[in-house]
Amino acid sequence: MRGHDPLGGLDAFLSQYTGELITFRRDLHAHPELGYHEHRTTRLVSGRLASAGLRPSVLPKGTGLLADIGGSDGHARGPVIALRADLDALPVADEKNVPYRSTVRNTCHACGHDVHTAILVGAGIFLARLAAAGELPGRVRLVFQPAEEVPGGALDVLAAGGIASVDRIFALHCDPRLDVGKIGLRTGPITAACDKIVVRVAGPGGHTARPHLTADLVYALGKIVTELPAALSRRVDPRSSLSLVWGKVSAGSAANAIPDDGIAEGTVRCLDDEAWHAAPDLLKALIDSVASAYGVFAELSYQRNVPPTVNEAASVQILADATAQALGPDAAAPAPQSLGGEDFAWYLESIPGALARLGTRGQNIGDDLDLHQGTFDVDERAIGIGIKVMVAAALTALGGRAVTPEPLPGTATVG
Ligand SMILES: [Zn+2]
Ligand SMILES: [Zn+2]
């Protein structure tokens, strides 16, 4: 007897719906909305899901939504798998010359969240059909979060109990350096923490002829700026990739006057969760020791941002199996660690899951595109590919399909 394959109808579904979903993506692209202002986007997604028979609920702040598929009868105790997309655009001017160019000044979907949203809408419509046919062995929660770039939208989903009963969560993110058709996978950290620090130094000030009678504030600030990155590299495990880079330093107003205050601002990026948690205290101690040696007062303001996204091994295996099933054995590629930040990390502090890279480089899409640039665009074949991977990941995680494909009869398994 041949078992029924829920993925079987996906190709037919995609040939029917891909055109509509590309149009949907282009509509979002032409009408981008910044974090916590995604009202139109929320309305469009909600309407499309409702017409597929789902009952989405909008998050308390008015943008972003959740929708559950299946699980209300017979499978109520089955696993719950969340799939996440983000809705917001960036305050970046659209520099492309395309029919779906942004119509909003200085606002653009330069991080591909319009693509993520269209993919999750498509996956949701297909999974809703499976559930209606009684073929979904558990529950899938669609998470359309607001404000990834702000960041903080993930925290709103958490606060609303959005992943309270969820067993695993998956997400895709566009990658312009990966060919369309490829899925980038990595176990462990895949995106970094990115925090902001501001160091203010203060001293009595004075004449540059008499630095010994005061505190040479510019010299001390220079020491802090040069010593801190060097000291960090010797105080923190190099594998945590903790890096401090200054972006702004200023002090003084005249060549012959020692100023009484100065400031240095920079970012701290980190791939390791433990080092990230330890970073503020370590930086404060290092700054204090340099400042006290030169008689100035230094104050650190450490502004926490997102933690590193640390992909769970079993979830990455599910994505690898899903990618092989949906796209073939050669579609998965190793993903490099990125020092960019991603607020998906907050979900992974509570539940297991993984974020994969979705290849978007391809036809009529330049090789030199990058995220957060006004020229960013994707090969829209990535939408159908993303839907396949999301659906296969959900079904694999729900146990509807074997997590590891059975070896073919007569083939040897290499251990
Ligand atoms: Zn981004
Ligand atoms: Zn993004």
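Let me sum up the structure you'll find in this document. (Residues numbered from 1 in each chain as written. Chains lettered and ligands numbered in written order. Predicted model: local features only at pLDDT ≥ 70, side-chain atom pairs only at ≥ 80, totals over all residues. Heavy atoms only, no water.)

Let's talk about the side chain of Glu33
Right, so step 1: Among the structural elements, Glu33 can be located in the loop between α1 (10-30) and α2 (39-51).
Right, so step 2: Notably, Glu33 is buried but unbridged: the nearest opposite-charge side chain belongs to Arg40, and the N-O separation is 6.2 Å.
Right, so step 3: Of the polar contacts made by the side chain of Glu33, one reaches the backbone nitrogen of Arg40; its length is 2.9 Å.
Right, so step 4: Within the structure, Glu33 has its side chain in polar contact with the side chain of Thr41 (distance 2.5 Å).
Right, so step 5: Not counting the four nearest positions on each side in its chain, Glu33 is found in contact with Glu38, His39, Arg40, Thr41, Leu87, Asp88, Ala89 and Thr107. (Helix = DSSP H or I, 4+ residues; strand = E, 2+ residues; numbered from the N terminus. Buried < 20%, exposed > 50% of the residue type's maximum accessible area, 1.4 Å probe, protein only. Lys, Arg positive; Asp, Glu negative; His and termini not counted. Salt bridge = Lys/Arg side-chain N within 4 Å of Asp/Glu carboxyl O. Polar contact = N/O pair within 3.5 Å; in protein donor to acceptor, adjacent residues only side chain to side chain. Contact = heavy atoms within 4.5 Å.)

A word on the pairing of strand β2 (residues 65-69)
Right, so step 1: Across the five residues of β2, four count as buried, placing the element largely inside the fold.
Right, so step 2: Summarising the sheet, strand β1 (residues 57-58) and β2 pair through two bridges and their orientation is antiparallel. By the bridge assignment, Val58 is partnered in β2 with Leu65.
Right, so step 3: Between β1 and β2, which follow one another and run antiparallel, lie six residues, and Gly62 among them has a positive phi close to 100°. (Pairing = 2+ DSSP bridges.)

Some details on the coordination of the zinc ion (ligand 1)
Right, so step 1: Protein-derived ligands of the zinc ion (ligand 1) are Cys111 (SG), Glu149 (OE), Glu149 (OE) and His372 (NE2), with the metal-ligand distances lying across 2.1 to 2.8 Å.
Right, so step 2: Here the zinc ion (ligand 2) and the zinc ion (ligand 1) are spaced 3.1 Å from one another, each receiving a donor from Cys111. Here Glu149, found in the loop between β4 (139-145) and α4 (153-159), pairs with His372, found in the loop between β16 (353-361) and α9 (381-397); they are 223 residues apart in sequence, far enough to count as distant. (Donors = N, O, S within 2.8 Å, 3.2 Å for Na, K, Ca; no water.)

Structural notes on the pattern of salt bridges
When their charged atoms lie close together, side chains carrying opposite charge are able to pair.
Right, so step 1: Counted under the stated rule, the structure contains 24 salt bridges.
Right, so step 2: In this structure, Asp370 and Arg177 form a salt bridge, with 3.3 Å as the shortest nitrogen-oxygen distance. Placement of Asp370 in the loop between β16 and α9 and of Arg177 in strand β5 (residues 168-179) is noted, with a sequence separation of 193 residues between them.
Right, so step 3: What makes Arg177 exposed here is its relative accessible area of 55%.
Right, so step 4: The structure contains a network of salt bridges with shared partners spanning Arg25, Arg26, Asp114, Asp377 and Glu380.

What about the sheet that holds strand β8 (residues 193-202)?
Each strand in a sheet pairs with another by means of backbone hydrogen bonds, the pair being arranged parallel or else antiparallel.
Right, so step 1: One open sheet accounts for four strands, arranged β10-β12-β8-β13; its pairing is antiparallel. Bordering the open sheet on either side are β10 (243-251) and β13 (297-303), each of which pairs with just one other strand. Between one strand axis and the next, the sheet turns by 20° as a mean value, whatever way the strands run.
Right, so step 2: By the bridge criterion, eight bridges tie β10 to strand β12 (residues 261-270) in an arrangement that is antiparallel. Paired with Ser250 across the bridge in β12 is Ile263.
Right, so step 3: Packed on one face of the sheet, helix α5 (residues 217-235) meets β8, β10, β12 and β13 and runs near 175° to β10.
Right, so step 4: Helix α6 (residues 273-293) rests against β8, β10, β12 and β13 of the sheet, and its axis sits at about 165° to β13. (Axes fitted to C-alpha atoms, helices over the stretch in contact; angles between N-to-C directions.)

Some remarks on the packing of aromatic side chains
Right, so step 1: What the rule picks out here adds up to four aromatic pairs.
Right, so step 2: Judged by centre distance (4.5 Å) and plane angle (20°), the ring pair of Phe13 and Tyr17 falls under stacked. Here the residue Phe13 and the residue Tyr17 both occupy positions in helix α1, the gap between them amounting to four residues, near one helical turn.
Right, so step 3: According to the relative accessible area criterion, Tyr17 is buried, its value standing at 11%.
Right, so step 4: Within the aromatic cluster, the residues linked to one another by ring pairs are Phe13, Tyr17 and Phe126.
Right, so step 5: In this arrangement the basic side chain of Arg304 is found over the ring face of Trp276, its NZ or CZ atom lying 3.7 Å from the centre. (Phe/Tyr/Trp six-rings, centres within 6.5 Å; stacked < 30°, edge-to-face > 60°. Lys NZ or Arg CZ within 6 Å of the ring centre and 35° of its normal.)

A closer look at helix α3 (residues 113-132)
Right, so step 1: For α3, with 20 residues, the first-to-last C-alpha span of 28 Å sits near the 28 Å given by 1.5 Å per residue.
Right, so step 2: The buried count for α3 comes to 17 of 20 residues, which makes it a mostly enclosed element. (Expected span 1.5 Å × (residues − 1).)

Details of the environment of Gln303
Right, so step 1: For Gln303, the location among the structural elements is in strand β13.
Right, so step 2: On a C-alpha basis, the gap between Gln303 and His372 in space is 22 Å, while along the polypeptide they are 69 residues apart.
Right, so step 3: Setting aside its immediate chain neighbours within four residues, Gln303 contacts Asp195, Lys196 and Val198.
Right, so step 4: Only 3.4 Å separates the side chain of Gln303 from the side chain of Ser301, close enough to count as a polar contact.

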